[in-house]
Amino acid sequence: YPFQFRLSQWDFLMNEENKQTIHTFLALQETGNHLLIFGNQNKGKTSLAVGLSNELSINHNYCLYKSALKLYACFFENENSNYSEKIWDWKTADVLIIDDITAGKPVTEELVNATRFLRFVDANKANRTILKNKNVIWVLGDSDTDKKSTDNPWIQMLQEIGIPPAKIKSIY
């Protein structure tokens, strides 16, 4: 992780609905759940994701943190490679944390958007299935779209991959 942080150190404001969403995500036993964390700069999105991953790691989950741009390169790995030999691999992680998606201001151009991300995912046909069946924490910058609406391009992209709406949760 880029730094160590426990949820017990959290000092940002959060409403009860978002707290419940976090507790539910931490308690999940099945795979294929996706948590989208939206927020403005310096509001604790990455800290929350790192805190979640630390708590999950303590409970014996293999969590891997990647920036979206670094993950792009991983999508092109040969599916016939022997991944059992790799210790830190996005494909074998129980929980994948994808950070620095749509960074927000002062960056005005989206370097990573849902359409472009899906094109990179589709570089290898197995990637969709892997993402669909993995628990993923998506750290997204603030955008003008409704965070919980099915019109949100990230939610649409996840549904296009085949993730049922009930397995997609958003917090802001």
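Above this text is the structure in question.
Residues numbered from 1 in each chain as written. Predicted model: local features only at pLDDT ≥ 70, side-chain atom pairs only at ≥ 80, totals over all residues. Heavy atoms only, no water.

## Some points on helix α4 (residues 114-121)
Think of an α-helix as 3.6 residues a turn; residues three or four steps apart then line up on the same face. By the burial criterion, the buried members of α4 are Ala114, Phe117, Leu118 and Val121. The buried residues of α4 occupy an angular sector of 100 degrees when the element is viewed end-on, so they sit on one face. Facing away from the buried side of α4 by more than 90 degrees, the exposed set consists of Thr115 and Arg119. Capping the start of α4, Asn113 holds a side-chain oxygen 3.2 Å from the backbone nitrogen of Thr115, two or three residues further along. (Buried < 20%, exposed > 50% of the residue type's maximum accessible area, 1.4 Å probe, protein only. Helix = DSSP H or I, 4+ residues; strand = E, 2+ residues; numbered from the N terminus. Arc of directions from axis to C-beta. Polar contact = N/O pair within 3.5 Å; in protein donor to acceptor, adjacent residues only side chain to side chain.)

## Quick look at the nonpolar core
Judged by nonpolar contacts, the single largest core of 31 residues is most densely connected at Phe117, Trp138 and Trp154. Mapped onto this core, the elements with two or more residues apiece are β1 (34-39), α3 (68-74), β3 (95-101), α4, α5 (126-132), β4 (135-141) and α6 (153-161). Ranked by residue count, the leading element in this core is α6, at five residues. (Core = buried A, V, L, I, M, F, W, Y, C linked by side-chain atoms within 4.5 Å.)

## As for the pattern of salt bridges
Tallied over the entire structure, the rule returns four salt bridges. Of the charged contacts, one joins Asp122 and Arg128 as a salt bridge, the two residues approaching to 2.7 Å between their closest N and O atoms. Through salt bridges with shared partners, one network takes in Asp122, Arg128 and Glu160. (Salt bridge = Lys/Arg side-chain N within 4 Å of Asp/Glu carboxyl O.)

## Quick word on the packing of helix α1 (residues 16-27) against helix α2 (residues 45-58)
In the contact formed by α1 and α2, the axes pass within 10 Å of each other and the chain directions differ by 35 degrees. For α1 against α2, the interelement crossing comes out right-handed. Counted together, Ile22, Phe25 and Leu26 of α1 and Leu48, Leu52, Glu55 and Leu56 of α2 form the full contact between these two elements. A breakdown of the residues in the contact of α1 with α2 according to their chemical character gives six nonpolar, no polar and one charged. (Axes fitted to C-alpha atoms, helices over the stretch in contact; angles between N-to-C directions. Left-handed = near helix turned anticlockwise from the far one by under 90°. Contact = heavy atoms within 4.5 Å. Nonpolar A, V, L, I, M, F, W, Y, C, P; charged D, E, K, R; others polar.)

## Quick word on the packing of aromatic side chains
Under the criterion given, the structure shown has eight aromatic pairs. Judged by centre distance (6.0 Å) and plane angle (45 degrees), the rings of Tyr72 and Phe117 are tilted. On the criterion of sequence distance, the pair formed by Tyr72 in helix α3 and Phe117 in helix α4 is long-range, its members being 45 residues apart. Measuring from centroid to centroid gives 6.0 Å for Trp138 and Trp154, while their planes differ by 50 degrees, and the two rings are tilted. Remark: Trp154 occurs in helix α6 and Trp138 occurs in strand β4; sequence separation between them is 16 residues. Joined through ring pairs, the aromatic side chains of Tyr72, Phe75, Trp90, Phe117, Phe120, Trp138 and Trp154 make up one cluster. (Phe/Tyr/Trp six-rings, centres within 6.5 Å; stacked < 30°, edge-to-face > 60°.)

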